[in-house]
Amino acid sequence: MAKKPSLSALCLFQEPQCVQYLLAKDQCSQVFPSPATLLAWRISALQLTAPHSHTASTWSQVCPEEISGGNQTLQTIILEKSNTILKGENNSMSLFQLYKSVSSVLNQEMKEEHVNTSLRTDTRKELRELMLTTLSTVNVTSMQTALKMSEVLKEVTYRSEELSSLAQVEAGHTLKSVSESLLIVNSEDGQDDLQRKEAASYLFAAVSNVLEAGGQNRTEDTSAPESSQSLVSQQVLTAVGNLQSALLIGKLPDDEPTVLTAPSAVMYINRLQTDNIDSASISVSGSSSASFTLPSASSIRVLEESDETVDIRMVSFSVNPFSSSDSFEIHSAVGGLTLTSLDGTVIPVHNLMEDMEIILPRSSTIQDYKSVLSLQDFSALQVNVTSTNASLVIHLELDQNIPLTLYLGYGYHPNETDYELMVHLPHNRNATGEVYSWILHPEDLVFGEGMYYFIARPETEVEAVVASNVNISVSCFISQCVFWDEHHGSWNNYGCYVGPKTTPDSTQCLCNHLTFFGSSFFVMPNTIDVSKTVELFATFVDNPVVVTTVGCIFLVYLLVLIWARRKDNQDDAKVKITVLEDNDPFAQYRYLVTVYTGHRRGAATTSKVTLTLYGQEGESEPHHLVDPETPVFERGGADVFLLCTLFPLGELQSIRLWHDNLGESPSWYVNRVLVHDVATDQKWYFLCNSWLAIDVGDCVLDKVFPVATEQDMKQFSNLFFMKTSKGFRDGHIWYSIFNRCPRSSFTRAQRVSCCFSLLLCTMLTSIMFWGVPKDPADQKMDLGKIEFTWQEVMIGFESSLLMFPINLLIVQIFRNIRPRSKKEKKPGKSGRVSPDLPATPQQVTQSVSLSPEAVIKDIRRIASSLFKTLKAPLPSPEPDFGKSTDINKLLALVEDVICQQNRIGQEFYDESKKKDDPIIITLGLVDLQEKTRTPTPEKGIRGRLKHRDYNRCLYKQLQHVEMELELLGPHKFQSPQSYSQAVRQVQHMKGLLESQLSSAASVSERGSPTPSLPEDGKKELTSKGLPWWFVYIGWLLVAVTSGVSGFFTMLYGLHYGKDNSIKWLISMAISFFESLFITQPLKVLGFAAFFALVLKKVEQEDEENTSIDGPLSTAGDSNPIFGARRDSGSIMYQPPPATDIEKMKSNRIKEQKAFALIREILAYLGFLWMLLLVAYGQRDPNSYYLNKHIENSFTDGFEEVLSYQDFFTWARTTLIKNLYGPYQGFITDGNSKLVGSARIRQVRVKSSTCPISSQLHLTVGECRAPYSFDTEDTTDYGVNWNISSLDNSSELSSVWQYQSQSELRGHPIWGKLAVYRGGGYVVHLGTDSQNASRILQYLFDNIWLDTFTRAVFVEFTVYNANVNLFCIASLMFETSALGAFFTRAELQSVRLYPYTDGLHIFVVAAEVIYFLFVIYYMVGQGKLMKALKWNYFRSKWNLLELAIITISWSALSVFVRRTILGSRDISYYQEHKDEFASFNQTATVDAVLGYLIAFLVLLSTVKLWHLLRLNPKLNMITSTLRRAWGDISGFATVIIIMFLAYSIATNLIYGWKLNSYKTLFDSAETMVSLQLGIFNYEEVLDYNPILGSFLIGSCIIFMTFVVLNLFISVILVAFSEEQKHYQASEEEEIVDLMLKKISSFLGIRCKNDQKPDCDKPLEEPAGN
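What counts and how
Residues numbered from 1 in each chain as written. Predicted model: local features only at pLDDT ≥ 70, side-chain atom pairs only at ≥ 80, totals over all residues. Heavy atoms only, no water. Helix = DSSP H or I, 4+ residues; strand = E, 2+ residues; numbered from the N terminus. Buried < 20%, exposed > 50% of the residue type's maximum accessible area, 1.4 Å probe, protein only. Contact = heavy atoms within 4.5 Å. Areas by Shrake-Rupley, 256 points an atom, 1.4 Å probe, with all protein chains shown as cover. Phe/Tyr/Trp six-rings, centres within 6.5 Å; stacked < 30°, edge-to-face > 60°. Lys NZ or Arg CZ within 6 Å of the ring centre and 35° of its normal. Pairing = 2+ DSSP bridges. Expected span 1.5 Å × (residues − 1). Disulfide = S-S within 2.5 Å. pLDDT = per-residue confidence, 0-100. Patch = residues over 30% accessible without salt bridge, like charges linked within 9 Å, V, L, I, M, F, W, Y side chains within 5 Å. Salt bridge = Lys/Arg side-chain N within 4 Å of Asp/Glu carboxyl O. Axes fitted to C-alpha atoms, helices over the stretch in contact; angles between N-to-C directions. Parallel < 35°, antiparallel > 145°, perpendicular 65-115°, else oblique. Left-handed = near helix turned anticlockwise from the far one by under 90°. Polar contact = N/O pair within 3.5 Å; in protein donor to acceptor, adjacent residues only side chain to side chain. Bend = angle between axes of the 7 residues up to and from the residue. Core = buried A, V, L, I, M, F, W, Y, C linked by side-chain atoms within 4.5 Å.

(A) Representation of the overall build of the chain in the model. Helices and strands together make up the secondary structure of the chain, namely 36 helices and 44 strands. Taking all 1664 residues of the chain together, 46% fall into the buried category. Contacts spanning at least 24 positions in sequence make up 74% of the contacts within the chain whose residues lie at least 6 apart. About 85,700 Å² of surface is accessible on the chain, with carbon and sulfur atoms providing 57% of the total.

What follows is the structure, encoded as structure tokens:
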């Protein structure tokens, strides 16, 4: 090593198992060791330099070394060495040399088999990953570096099986960056072009290696995340594009194409003239790459608009470079062709008129199965087609080429006459290289999947002789041409189809567009390999989206299911028929009354509702519709009551509803009422749709509703409402979970389960079709703004076929299951009652004492009901019905009625027997012959049934009377004969009724051998439906569909990857909520409208089919004989009197006004609070302190300025000293920054602007008038106000030139002496004190201020960031024509950045809420103005409201204006930081905003007086002022006249001498102060004691002692009169009621707190 080596032949000694690697610029040599015992490497490097040469070589020695007792690994050594190299100066080349040496060892072949290869493989992977990670950090700055980097990348990636997923990502990133550097690095000479091509070759080889590694990972490591594979593919393809662009640099048109080959990829680049591209063939000979044949140039229409030259970029991969979640498996080469212009812009090629031919070699890994077919034995070949999505290819190989005819049959052996399809082969007889392939496209396989047979026959007899010795080798396979859809990131088969030249070795694809193409075999779209379930779920950590979503859905389902089960139990408690407690014990005729409460807000009631039925045959007693166990008449509820009457009421005509208006929510909105006659199964509907309330609707508590006719039931409003209500409560399965009808057999738990199953099935069908590619050529159908394709329609149809049948089946099973019959039924008011009551008087205890008087009352009640119901004539005139106590007379009266009815009924039945008219038939036959018969027989049958019902009811009541008589016995009666006669009378009447009932039964039996009773019909109705055990089938289907759907949804989600899963989940959620809140409600409304307008069919609801199938009597019910008798005449069964209702209305109106007043006060307090927040949010308390600080700093000696010389003295001292502080840009205090520069502006007057007396012309030569707009001087001058020496070249020449108000961005200023324009002569002082002093000296020397100056303004702006305030300062020096100076300082602080602190969001919220209040009041005042019209303006409070609204919007407009101006001024300052930035206009607008807000607060606070008008004291003050207004106005006139007189007099007397009287306004102010005791007597008395004493004394006597005292007296008299005649207004009563409500809410007991009579509940009689 001591002698100097030569670079051409360098010999270095070699240690055993070491590699010595020498790299020079032109040569390298390496010796490979035997790495059998490689545990670690010893790496050393030295640099050798040849004598007299500047070429350096880096020598690296890589040796295995035993490491004992250390923790240092091989990777650590490489990493440390890499870091050491990277820290050096020539780091990249040394690093490349090191990695090339390491890669050489890694790439050598293994020769010794005993090496632990698994350990070595892991080590190799880690080393390659380490090197690629380090290389990604190297910056490529030259073509030499790019070349070496490319060579190292090729070596590092040489073994693709040793590249991990992370290594592939790093390699892809490095390839992309290095390829980009080939485009960026400038070429210095021709040598760089060669290096670029060489580097591109190395990089393309590395690309091939990385692609091979990616393909191996996809087949071996299925758990690798798709996102990383997709990233690698994207980076590699980008690198390929960069390489193509790099190789096209400097390429001449029509030159030889550039071809790069690699083990797994081939690249073809060429540049052609547009004329030479016609039918060009693009292929690489000697390689198994894809080849392209372009169509004619005329079909490629896009090339006509492109440049003269076109770049052709073709690349072919033997490995699929794309990572996709679809089901296409690529078994061929993947080829891509791109046409670009000279600038690299891609030329779009699509929808070609001629197809482009692509030949894709088939992968050698696919084995072909050939069958031999002989033409001698007429054998047929059998093909089982399992997929119709791809093309079936039948390829024939013949010993001799002869024309053949192939016949195809489906399910049978075809022949020359019987076949499905036929083709002649070969297709082109004159072409060379004939191909015997029959392509059957999916549209050709019309029979779909199944067994196909085909045979081959020679075309002619001559050929048949030749073909006798010809054997045919047949290959059948499925092929499909697909392209890579870049927009959707998936393979798509639209626009491409398999060509006739397809063979087992290659696929011919014909396509009408350009992209990456591939050929697939045995493709099934969107399938999931269930066998890989474990592998898919192993990727849960990387893609938990869908699995977590499905799991959460299952969890939510379980929680909702528990809630639904509890609600079902609550609904079961509601499903009952409430037996009314006030039913008469003897009443046996039953009506089911179903009351529907509306869905409106506040529709439920807490009042006690009373119902009365009115029929043709009588009316029922009033009944309270109450249930002591559960609340009734809830919002949207349906309550069923059992109401019993003594006799049938016949056809119902109307009902009467009223309530007592008690409880917290007495108002009630009743929707409709259904009355069902249990005996005849007849139903009557009453469409109410009314409020029973004193403050809503018609303001009535008592209302009669007529029965609804068929026309009323079919009205659109009724049908639409009923159908909509039923649709949402039952049809909309999601909404019905929360608003289910309690009587529906479809429970909430079942509905939740159906929704759960439907949701999971929808998710499955959605995710199944998520990856389906769209056809670019599919025609869109346009419906306005809605566009869709036929493919989307078919996907929706297929999804519905997969999803809806099973879910519809589940729903129908749950809907139509019959309830399970129970062996034991609990008696009680559970809704299951029976039509008969057991009569067991011996087993009951008496609840009412039985006496003859009670029996007489019962008989009297029976007789009264009988007369009322049957409308029978009284047999004796004017019976004393109410006072009669003779039981025999009462029974005789009843007996006469029964006898009379018996004779009428007997005659009717006798006439029926004599007649041959077959009217006595079964009800079914009546229905059959209905068309040919008159309605008379039907009415006769109904009349007989009604008459029988009357007799039954009367018979049972007589039974009860007989039982009462038996229990009493004769000893309880005064006369035993009376008792015996009563018993006989009862028994006689029973006998008459029994004869009538028996005759009626015989007639019915003879006419109707099998009479159809209503109860039978009900039993048949209840027997319909599925058996109860079908519920288990429904639950099983729910479990199976939910489980399968959830499982496969999770598999699809895991298969698609995280990104696609998130996209699908978002689209699924949007679709679901759209369906839930938009589509489904619209569907319900649409169906309801269709049914209401077209079908007009009245459908029954679940409550309308309520039946009685259980015992009626409750536990503890006794025999009706001992039941409590109701007193229908009690006041509790009478509606509230009209006087009470009026009181209720009055109190309710007062309550409403009280609550409205409370709401108004609370709302206004909120409005006032927001206003104060806005007001004080615009003002800062620091403004005052900042203004005072600036004013004190700059007004030192300010008031002592009496001349122009004094002004310059003040400016050079006070102004300069405070304006420029020690900190650059800040004033003296160091906290306030000077915004721009300060400026001095003066306004002047012209000379000779005032007239001079002719007598003084000689004495006074010139006159200078006071300032006005007319006398202002606007002329441009030169130095020293010399108009002849005008010079614009000087730096300060502008100070002598007038600048207008618009040029200075100023505004007029109101001074003490005049109003000055915003223009004038201006000088800017600059931003430093030296320059300002120089300018002031220049102005002083050249007499810038003289006798023509009328005002001088010193203006500047500072910003204090500590308090976030701008202070606009204006120091004013005014001088009159007299020559005296008047000074004034105006400072205003403005916050132009209002939202900088953390509380700005609250200020913004307050501003928004305030204007929402303003809009609210605007709407209210608008309604009031519309109602009152011009009378609106007569109220002062309305005008006050109008003023508040107007000022509020004015303040908003001014606020916006201030914001705009502030932004404008700040922008101007930022662009002109050395100039004066005028914020005067912004400050003025801010001041206006402050004034508006102040007046707004003033008026809003005054409005509180109006809100507190209900206070008696304030109301009395208002009334007093109103009463005394006439006198007050007269005295006010006198006072004004007196004040004006004294003000004018004092101004004329003292105005030229005393300051307090110098103007009329000052004099008036002084006179007001005199009345208040604030007066300077001395100055008046000193001036003229006599005249002053007279004026002061007379003013005090006349003004204070006389006029003002009389004024006060008028008010006091009016106040005393108001106290005498004061009457409490209704508003004060409202306040008292409001205070009582508040006290009651707070639990405070008020004095004399007694409820009005109308609020007291009606007392019930003690007897009931």
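(B) Main features of the packing of aromatic side chains. Under the criterion given, the structure shown has 54 aromatic pairs. Ring centres 6.4 Å apart and planes at 70° place the aromatic pair Trp 1296 and Tyr 1338 in the edge-to-face group. Residue Trp 1296 is found in the loop between strand E37 (1238-1244) and strand E38 (1298-1299), and its partner Tyr 1338 is found in helix H27 (residues 1329-1341); the two are separated by 42 residues along the sequence. One aromatic cluster is present, built from ring pairs that chain together Tyr 1164, Phe 1167, Tyr 1410, Phe 1411, Phe 1413, Tyr 1416, Tyr 1417 and Trp 1449. The positively charged end of Arg 672 is found above the aromatic ring belonging to Tyr 596, 4.0 Å away from the centroid. Note that Arg 1244 overlies the ring of Trp 1281, its terminal NZ or CZ placed 3.6 Å from the centroid.

(C) Spotlight on the sheet that holds strand E7 (residues 281-282). Spatially, the five strands line up as an open sheet ordered E7-E8-E11-E22-E21, and their pairing is antiparallel. Each end of this open sheet is capped by a strand with a single partner; those strands are E7 and strand E21 (496-498). Bridge count for E21 against strand E22 (residues 506-511) is three bridges, and the pairing is antiparallel. Its bridge partner being in E22, Tyr 497 is matched across the sheet by Leu 510.

(D) A look at the side chain of Asn 1480. Mapping Asn 1480 onto the fold places it in helix H30 (residues 1480-1507). Setting aside residues no more than four positions away along its own chain, Asn 1480 makes contact with Arg 1239, His 1307, Glu 1355 and Ile 1368.

(E) The arrangement of helix H12 (residues 716-731) in detail. Look at H12: only 20 Å from first C-alpha to last across 16 residues, short of the 22 Å you get at 1.5 Å a residue. Looking only at H12, the buried set comprises Asn 718, Leu 719, Met 722, Thr 724, Ser 725, Gly 727, Arg 729 and Asp 730.

(F) Main features of the state of the cysteines. On inspection of all chains with the given rule, the structure shows two disulfides. The disulfide partner of Cys 481 is Cys 509, and the gap between their sulfur atoms is 2.0 Å. Disulfide Cys 481-Cys 509: torsion about the S-S bond near -85°, hence left-handed. With Cys 481 in strand E19 (residues 471-485) and Cys 509 in strand E22, this residue pair connects regions lying 28 residues apart in the sequence. Side by side, Cys 481 and Cys 509 carry an identical accessibility label, which is buried. A sulfur-sulfur distance of 2.1 Å marks the disulfide that ties Cys 496 to Cys 511. One disulfide, between Cys 496 and Cys 511, carries an S-S torsion of 125° and so falls in the right-handed class. Taken as a pair, Cys 496 in strand E21 and Cys 511 in strand E22 lie far apart in primary sequence, 15 residues in all.

(G) Inspection of the confidence of the model for the chain at higher detail. Mean pLDDT for the chain: 76, with 76% of residues reaching 70 or above. For the chain, helix H17 (residues 923-928) is the element with the lowest average pLDDT, namely 30, and strand E30 (residues 652-659) is the one with the highest, namely 93. Between residues 823-847, whose pLDDT stays under 50, and residues either more than four places distant or in other chains, the model counts 59 contacts. Note that residues 875-879 has pLDDT below 50 and, in this model, four contacts with residues that lie over four places away or in other chains.

(H) Molecular detail of a nonpolar patch on the surface. Judged by side-chain polarity, Tyr 1395, Val 1404, Val 1408, Leu 1412, Ile 1415, Met 1418, Val 1419 and Trp 1449 come together as a nonpolar surface patch covering roughly 660 Å² of accessible area. In terms of residue count, the dominant contributor to the nonpolar patch is helix H28 (residues 1400-1428) (six residues). Among the structural elements, Tyr 1395 can be located in the loop between strand E44 (1381-1390) and H28.

(I) Here's a closer look at the packing of helix H23 (residues 1138-1177) against H30. In the contact formed by H23 and H30, the axes pass within 11 Å of each other and the chain directions differ by 160°. Compared by their axis directions, H23 and H30 come out roughly antiparallel. Between H23 and H30 lies a crossing of left-handed hand. Of H30, the residues touching H23 (which contributes Leu 1157, Glu 1160, Ile 1161, Tyr 1164, Leu 1165, Phe 1167, Leu 1168, Leu 1171, Leu 1172 and Ala 1175) are Ile 1493, Leu 1496, Val 1497, Leu 1499, Ser 1500, Thr 1501, Lys 1503, Leu 1504 and Leu 1507.

(J) Local environment of the environment of His 1307. Mapping His 1307 onto the fold places it in the loop between helix H26 (1301-1304) and strand E39 (1309-1310). Judged by its relative accessible area of 19%, His 1307 falls in the buried class. Those residues in contact with His 1307 that sit more than four places away from it in its chain are Gln 1301, Arg 1317, Gly 1318, Asn 1480, Gln 1481 and Thr 1484. Looking at His 1307, its side chain comes within polar contact range of the side chain of Thr 1484, at 3.0 Å.

(K) Main features of helix H25 (residues 1204-1219). Taking the largest bend as the criterion, H25 deviates by roughly 35°, centred on Ala 1211. Looking only at H25, the buried set comprises Tyr 1204, Phe 1207, Phe 1208, Trp 1210, Ala 1211, Thr 1214, Leu 1215, Ile 1216, Asn 1218 and Leu 1219.

(L) Focus on the nonpolar core. Formed by 66 residues in total, the largest nonpolar core has its most connected members in Val 595, Leu 613, Leu 657, Val 673, Val 675, Ile 887 and Leu 965. Excluding anything up to four places from it in sequence, Ile 887 contacts Val 855, Ile 856, Ile 859, Leu 965, Phe 973, Ser 978, Ala 982 and Gln 985. Val 102, Val 169, Val 178 and Leu 203 belong to the second-largest nonpolar core, a separate cluster that totals 55 residues.

(M) Representation of the pairing of E44 within the structure. Both strand E43 (residues 1365-1375) and E44 contribute to a ladder of ten bridges, which runs antiparallel. Bridging from a neighbouring strand, Met 1372 pairs with Arg 1384 of E44. Between E43 and E44, which follow one another and run antiparallel, lie five residues, and Gly 1379 among them has a positive phi close to 95°.

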